[in-house]
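# Residue-level structural notes
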Amino acid sequence: MSVSVAIVGTGPAGFYTAEALLRKGLDCTIDLIDRLPTPYGLIRFGVAPDHQTTKKVTRNFEKTALNERCRFFGNVTLGRDVTLNELRGMYDAVVLAVGADNDRRLGIPGEDKRGVLGSATFVGWYNAHPDLRDLVPVLDTPAAVVIGNGNVAIDVARVLVKTAAEMAESDLPEFAARAIQASPIRDVHLVGRRGPVEAKFTNVELREMGHLDVAQAVVDAKDLPDVVGDVEDDRDRRLKEKNLATLREFAAQPAGGKTRRVHFLFYASPVEILGGERVEGVRFERTKRDGDRVVGTGQTFDIACGLVIPAIGYRSLPVDGAPFDSRKDIVVNDEGRVAPGLYAVGWLRRGPSGVIATNRPDGVAVAEHIAADIPTGAKPGRVALEKHLAARGVRVVSFGDWQAIEQAEIAAAHAPAPRRKFERVTDMLAQLEKS
Ligand SMILES: Cc1cc2nc3c(=O)[nH]c(=O)nc-3n(C[C@H](O)[C@H](O)[C@H](O)COP(=O)(O)OP(=O)(O)OC[C@H]3O[C@@H](n4cnc5c(N)ncnc54)[C@H](O)[C@@H]3O)c2cc1C
């Protein structure tokens, strides 16, 4: 009997696992379950709307979904429509790939004031995640502070300062485009606890900040060291050298000419969000290097702003029925093995780091484990899930249904935008009733 595998979560980690199982040639059926009618996880709802090329990896995932061994079960939520214990009863192997879509908190006074929005929330909003459609971000302010020195922080800053023309080829939804274009934000402060050498920007993303139509990247040359210093890994050192060179170019640019600015600030750690009910600024403590660590200096300064976006990382929530490490915010696992017949991959397994392709080795490892642990199938898999969901009255969205949704999005787009995303699950389901 074929080994029945359920993969919960259809972001990169889920799809790489399915792909690896198919490559191994294992006699198996693979059911790909997602709580949304749309597959691809953060490729659709995280990757920036103006970085369409990055999203093209979904074409490979589409081939996987269309493989005869695979079936997509969209609009099915683990924990609501089916529990983990139920799934484990139905399938020989269950792979958890539900990601980490919650904001990590700053843990400082004032962070619940109106105008503080974590990057998971803000990015989900401007990418039309249905959960965030009713969010009304505070954008009526001349200045925003983005806390963090990674690519997500850069994405957020860039989306805030790009013009409508620069976003024309993106799939930024109209409601977000309207709100952002109407905003008086002119200064975005991108603030990192550590120095320019430790910043986690990739160089392509950083360089892009030097080529924006109306926004200038502002860097104080005094913040930039002459050399990168001791970095053992050659690749890492080259990246840091490139970033430093890019930041030097920014620092050398003459001021003026452009109407918006993205200020890169280093060695500053937020200690308090200032204001009354609404954010009025952020107090930072200057930091300095102390060996490998950075430590506070006791010296503080304030930046006035009405919007604060902490881009300091994502975290997973516990999955009912799976052991959870609440210090690391990941499912307890040994190289992807969680319990007999239960596995985890991607951000849920190792935390929120790396690019799309970083999730591939997780999938490969878990495919190896499944092949080694479960030589033949014993559980019914798909038929049992179908019966269960039908009894619950769940409207399962098939991959064909998703393709119909996608075609409707493409047809509704105003050129040169690639698609006009549906904003609500109910609208997606209504579209399916029509087609
Ligand atoms: C803002 C942002 C920008 C990024 N930009 C880039 C980039 O430009 N290039 C790059 O290479 N990488 C980028 N990344 C990283 C990349 O997106 C991640 O490495 C990758 O998406 C993590 O994959 P995952 O499968 O673990 O999680 P996810 O992609 O989050 O997928 C998890 C899936 O699980 C589903 N799910 C969640 N809960 C349930 C449930 N209860 N039941 C059923 N399904 C559920 C979700 O709907 C989702 O589809 C970015 C990440 C972020 C946050």
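In this report, we go over the structure that sits alongside the text. All figures in this text were calculated on a predicted structure; none of them were measured in a lab. (Residues numbered from 1 in each chain as written. Predicted model: local features only at pLDDT ≥ 70, side-chain atom pairs only at ≥ 80, totals over all residues. Heavy atoms only, no water.)

## What about the sheet that holds strand E10 (residues 268-275)?
Keep this limit in mind: Whether two strands pair comes down to DSSP finding at least two bridges between them. Here a strand is any run of E in DSSP of at least two residues, a helix any run of H or I of at least four, and the numbering for each starts at the N terminus. In this analysis, axes come from line fits to C-alpha atoms, helices being fitted only over the stretch in contact, and the angle between any two N-to-C directions falls in the range 0 to 180 degrees.
The strand order across the open sheet formed by 3 strands is E10-E11-E12, and the pairing between neighbours is antiparallel. Strand pairing shows two members of the sheet lacking a second neighbour, E10 and strand E12 (293-304), which therefore form its edges. Each neighbouring strand pair of the sheet contributes to a mean axis angle of 20 degrees, computed without reference to strand direction. Here 7 bridges tie E10 to strand E11 (residues 279-290), and the two strands are oriented antiparallel to one another. Directly across from Ser269, in E11, lies its bridge partner Glu285.

## Structural notes on unusual backbone geometry
The residue after Ala415, namely Pro416, is reached through a cis peptide bond having omega 5 degrees. For Tyr40, which is not a glycine, the phi torsion comes out positive at approximately 90 degrees. Tracing the backbone shows Tyr40 in the loop between strand E2 (28-33) and helix H2 (42-45). Although it is not a glycine, Asn75 adopts a positive phi angle of roughly 70 degrees. By secondary structure assignment, the location of Asn75 is in the loop between strand E3 (70-73) and helix H4 (84-90).

## Regarding the packing of helix H1 (residues 12-24) against helix H3 (residues 58-66)
This is how the line gets drawn: For classification purposes, angles smaller than 35 degrees are called roughly parallel, those larger than 145 roughly antiparallel, those between 65 and 115 roughly perpendicular, and all remaining angles oblique. The sense of a crossing depends on the near helix, which, turned anticlockwise from the far helix by less than a right angle, makes the crossing left-handed and, turned clockwise, makes it right-handed. By the convention used here, residues are in contact when the closest approach between their heavy atoms is within 4.5 Å.
It is at 10 Å that the axes of H1 and H3 come closest, and there the two elements cross at 55 degrees. Compared by their axis directions, H1 and H3 come out oblique. In the crossing of H1 with H3, the sense of the turn from one axis to the other is left-handed. Contacts from Pro12, Phe15, Tyr16, Ala18, Glu19 and Leu22 of H1 reach H3 at Phe61, Thr64 and Ala65.

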